[in-house]
Amino acid sequence: MIAVEDVTYTYPGAGSPALLGISAVIEPGSWTALVGANGSGKSTLARLLNGLLISSEGRVVVDGMDTTDEDRAWDVRSRVGLVLQNPDNQIVGTVVEEDVAFGPENLGVPRDELRRRVDEAIAAVRLTGLERREPHLLSEGQKQRLAIAGALAMRPAYLVLDEPTAMLDADGRSDVLDVLRELQAAGTAIIHITHDLAEALLAQRVIALQRGTIAYDGSATALLADDALMNALGLEAPPIARLASALRGAGLDVGAARTAEDVVEALWPS
Amino acid sequence: MALVADALSYTYGSGTAFAASALTDVSLALEPGELVLVVGATGSGKSTLLRLLSGLLEPDAGTVLVDGEKPGRPGRVGIVFQNPETQFFAETVFDDVLFGPRNLRFPDAEDAAREALASVGLPAESFGDRSPFTLSGGEARRVAVADVLAMRPAYLLLDEPTAGLDREGRDAVLAAIAVARERAGVLVVTHDPEQFLPVATRVLALASGSAAFDGSVGELLEDPVPYERAGLSLPDVVKAQVLARARGAAISSIALDPVRAAANLAEARGALR
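Let me sum up the structure you'll find in this document. (Residues numbered from 1 in each chain as written. Chains lettered and ligands numbered in written order. Predicted model: local features only at pLDDT ≥ 70, side-chain atom pairs only at ≥ 80, totals over all residues. Heavy atoms only, no water.)

### What about the overall build of chain A?
Part 1 of the reasoning: The secondary structure content of chain A amounts to eleven helices and ten strands.
Part 2 of the reasoning: Over its C-alpha trace chain A gives a radius of gyration of 19 Å, about what one expects of a compact globule, namely 18 Å for 270 residues.
Part 3 of the reasoning: C-alpha extents for chain A along the principal axes are approximately 60 × 50 × 30 Å.
Part 4 of the reasoning: By residue count, 53% of the 270 residues in chain A fall in the buried class.
Part 5 of the reasoning: Across chain A, every contact between residues at least 6 apart in sequence was considered, and the portion connecting residues at least 24 apart equals 64%.
Part 6 of the reasoning: As displayed, chain A has an accessible area near 11,400 Å², and 49% of this comes from carbon and sulfur atoms. (Helix = DSSP H or I, 4+ residues; strand = E, 2+ residues; numbered from the N terminus. Rg over C-alpha atoms; globule rule 2.2 N^0.38 Å. Buried < 20%, exposed > 50% of the residue type's maximum accessible area, 1.4 Å probe, protein only. Contact = heavy atoms within 4.5 Å. Areas by Shrake-Rupley, 256 points an atom, 1.4 Å probe, with all protein chains shown as cover.)

Structure, rendered in C-alpha cells:
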C-alpha cells in the first residue's frame, strides 16, 4: 500500500503550502479518483506519491519504502508509475517499442525479459501491431496509451494518472478509460486525477481536495448526491447525473445511471 | 460584414508521396454576434479549417473572405490556439496584453489593453501588475483571450478554449466569450461541444475533412441522427432522449438542459404506461 502520513508540501518560494497535513492510504489493486478544482493540490499529491516531489513535513511510504530514502528512489518509481496530461511531453523513443523499452532498459533489465515486458505493455494498451510506428504518427489517444505503456513496462503496482484524458476526444478518452479498467482488473491500483466527475464515477473511492486538504473521502455516488459539498469543492455533477437526479425527483428511480444507455434501459427495459 | 469560407479544400504535402487530404469542400459564414461551433474528432480537419480561416494556410481550392477581403490583414481575425498560456512572455499581465495593440500601432494601445482585460473579467487595476506565470488556470486562459481581444478583432477564433479548466475557470471563460460576442463573431473549435451548445448559433460538424452536419442548434436537436452517424458523440443528455425515442417514447422536442430532458423522459414514460 501507499501510506501518505500527515504530509505537508510547500513549493520553493511559495508563501503557503500546496498540501497541508494530508493523510490517506491507497490499497493495492484499488481504483481511487482524486478530484478538486484547479490549484487544490491534486497534481502535487500525484508527484509526492512516486517521489518526484518529497514532502516538506510528514512522509509517503510505498510498500514499506519511505520516498525520502534516496537509496530506494528507483524502487519507488518502479512501483508507482506516473502518466501526465500531455502525451507529447512524455514520449522519448523514435518508435513505439523503443519508447516503451526506455524505462526498463535504463534499469538494466535483461534482453529477453525486456522484450517480454515491452510486448506485454503494448498489448495491455492495445497498440499491438504498431510497435515500429513513429510516435508522432499516432493519434492523441494512441499517444496517451503509449505513455501508459511506458509506465507499465516498469511493472508498477500503482499507476498514477494526472488528467490523462484532458486533451483527448471522445474516442481517445473511452479507449484510455477501457485500458484503465482492464489494468485494474489485472491487479494494478489506479489513482486517477480528474476534474470530470463522469470519469470519477468509475472509481470505488473518490478523494476530493480543497485548498490542499482532504475535503471528502468516500464513494462517488454519495459525493454527487451532496449538492452543497459539490459546490463548495468547485465540482459539477456530470449532466447525466443531473438528469438522473431530476428523474428521481419526478419519482422515477434510475439507480446509479452513468450513461445515457443506463437511463433509458432503466426506464424502458429492452 | 462576415467571415466567409467557400468550398475550402486543403491537402498537406500536396504533390508529394505524403499528400494527405485534410479538408474537402467545407463552407461556413461567421457574422458579428454569432457563435459558430466547429466540432469533430481529432484529425477531422478542425485545426486545418482554423488555419485557413486565419490566413495561416492558403486553401488549395475555395476562398476565404474577411469582410470581402483576402485574410491576412493584421488584427482583423484573432486566433487563440490550444493551451495559449504556454505562450506568455512578458513580465506582467498588462505588458503581455499590450504587446498586440502596440505592434499594430494603435494610438490608444493602452486603452485597448485595459478594455480587453476588463472584458475577460480581470481588471488591469488588480491583475495588470501580476506575473502571467502566477495565474490560476482559468485566469491564465482569460489573459490569453485578452491578448487577442486587445487587437480588437472583428472575428475571434478559439481552439478548445476551455480544455483543462475546472468549473470556475470554464465558467469565467464562457462569460468572457459572451462579452467578446457583443463586438465580434466568435468561432469555437472543440471536441466537447456540450458546454457551448446552449449558447451557439450554428454547428458545423466535421468528419474526415468534410461537413457531416451544418445547421442551427435547433436543427441539430430536431434530428441528431446524421450527426451521430458521422461518428460524433452527442451529449449524454441528448443521447438519452434519442435512445428513448428509438424505444417508442414520444418526445417532441429534445432538450439540452438535464432538468428539461428529465421532464421529457418522465412525461414520455407516463404516456407509455
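So much for the structure itself; the text now carries on.
### Remarks on the packing of helix 2 (residues 93–103) of chain B against helix 3 (residues 109–119) of chain B
Residues and elements named next belong to chain B.
Part 1 of the reasoning: Running from amino to carboxyl end, helix 2 crosses helix 3 at an angle of 125°, the nearest separation of the two axes being 8 Å. One way to sum up the angle between helix 2 and helix 3 is to call them oblique. Both helix 2 and helix 3 take part in a crossing whose hand is right-handed. Residues Val93, Phe94, Val97, Leu98, Pro101 and Arg102 of helix 2 form the contact with helix 3, whose own contacting residues are Ala109, Glu110, Ala112, Ala113, Arg114, Ala116 and Leu117.
Part 2 of the reasoning: A class-by-class count of the residues in the contact of helix 2 with helix 3 yields ten nonpolar, no polar and three charged. (Axes fitted to C-alpha atoms, helices over the stretch in contact; angles between N-to-C directions. Parallel < 35°, antiparallel > 145°, perpendicular 65-115°, else oblique. Left-handed = near helix turned anticlockwise from the far one by under 90°. Nonpolar A, V, L, I, M, F, W, Y, C, P; charged D, E, K, R; others polar.)

### Quick notes on the nonpolar core
Part 1 of the reasoning: Counting residues in each nonpolar core, the largest one holds 72 residues, and the members touching the most others are Leu243(A), Leu247(A), Leu37(B), Val97(B), Val203(B), Tyr227(B) and Leu265(B).
Part 2 of the reasoning: Considering each element in turn, this core owes the most residues, seven residues, to helix 5 (residues 137–149) of chain B.
Part 3 of the reasoning: Contacts of Leu247(A), omitting those with residues within four sequence positions, involve Leu252(A), Val254(A), Val263(A), Leu267(A), Ala262(B), Leu265(B) and Ala266(B).
Part 4 of the reasoning: One finds Val83(A), Ile91(A), Val109(A) and Leu183(A) within the second-largest nonpolar core, a separate group that totals 49 residues. (Core = buried A, V, L, I, M, F, W, Y, C linked by side-chain atoms within 4.5 Å.)

### Quick look at the sheet that holds strand 8 (residues 189–193) of chain A
Paired through their backbone hydrogen bonds, the strands of a sheet run either parallel or antiparallel.
All names here are of chain A.
Part 1 of the reasoning: Taken together, six strands build an open sheet; the order of strands is 6-7-8-3-9-10 and the sheet is mixed. The sheet is open, and its two edges are formed by strand 6 (80–83) and strand 10 (213–218), each paired on a single side. Across the sheet, the mean angle from the axis of one strand to that of its neighbour is 15°, orientation sign disregarded.
Part 2 of the reasoning: Against the sheet, helix 5 (residues 140–152) makes contact with strand 6 and strand 7 (158–162), and its axis sits at roughly 160° relative to strand 6, the strand it touches most. (Pairing = 2+ DSSP bridges.)

### Some words on the layout of surface pockets
Part 1 of the reasoning: Of the voids in this model, the second largest pocket is the one considered here, and its volume is about 1,100 Å³.
Part 2 of the reasoning: Every element with two or more residues in the lining of the second largest pocket is listed here: helix 1 (42–49) of chain A together with helix 5 of chain B.
Part 3 of the reasoning: Broken down by element, the lining of the second largest pocket gets its largest block of residues, four residues, from helix 1 of chain A. (1 Å grid on protein atoms, 1.4 Å probe; cavity = no way out; pocket = protein on both sides within 12 Å on 5 of 7 lines; lining within 4 Å. Points joined across faces, edges and corners; volume = space filled by probe spheres on them.)

### Looking at the packing of aromatic side chains
Residues and elements named next belong to chain B.
Part 1 of the reasoning: In this structure the tally under the stated criterion is four aromatic pairs over all chains.
Part 2 of the reasoning: Ring geometry for phenylalanine 89 and phenylalanine 99: centres 4.9 Å apart, planes at 80°, overall edge-to-face. Placement of phenylalanine 89 in the loop between strand 5 (77–80) and helix 2 and of phenylalanine 99 in helix 2 is noted, with a sequence separation of ten residues between them. (Phe/Tyr/Trp six-rings, centres within 6.5 Å; stacked < 30°, edge-to-face > 60°.)

### Topic: the sheet that holds strand 1 (residues 3–12) of chain B
All names here are of chain B.
Part 1 of the reasoning: Pairing is antiparallel across the open sheet formed by three strands, whose spatial order is 2-1-4. A strand with exactly one partner marks an edge of an open sheet, and here the two such strands are strand 2 (20–30) and strand 4 (61–66). Each strand axis lies, on average, 20° off the axis of its neighbour in the sheet, ignoring direction.

### Let's talk about unusual backbone geometry
Part 1 of the reasoning: For Arg155(A), which is not a glycine, the phi torsion comes out positive at approximately 55°.
Part 2 of the reasoning: Examined against the element boundaries, Arg155(A) turns out to sit in the loop between helix 5 and strand 7.
Part 3 of the reasoning: Residues other than glycine seldom take positive phi values, yet Ala7(B) does so here, at roughly 50°.
Part 4 of the reasoning: Position of Ala7(B) among the secondary structure elements: in strand 1.

### Notes on empty space enclosed by the protein
Part 1 of the reasoning: In this structure the tally under the stated criterion is two cavities of 30 Å³ or more.
Part 2 of the reasoning: By volume, the largest cavity amounts to about 70 Å³.
Part 3 of the reasoning: Along its surface, the largest cavity is lined by Gln85(A), Ala166(A), Met167(A), Gln82(B), Asn83(B), Glu160(B), Ala163(B), Gly164(B) and His191(B).
Part 4 of the reasoning: A class-by-class count of the residues in the lining of the largest cavity yields three nonpolar, five polar and one charged.
Part 5 of the reasoning: As a volume, the second largest cavity reaches approximately 60 Å³.
Part 6 of the reasoning: If you trace the second largest cavity, you find it lined by Val4(A), Ile22(A), Ala24(A), Ile26(A), Leu34(A), Leu45(A), Leu49(A), Ile191(A) and Ile207(A).
Part 7 of the reasoning: Of all elements in the fold, only strand 2 (19–26) and helix 1 of chain A reach the threshold of two or more residues within the lining of the second largest cavity.
Part 8 of the reasoning: Sort the elements by how many residues they give to the lining of the second largest cavity and strand 2 of chain A lands first, with three residues.

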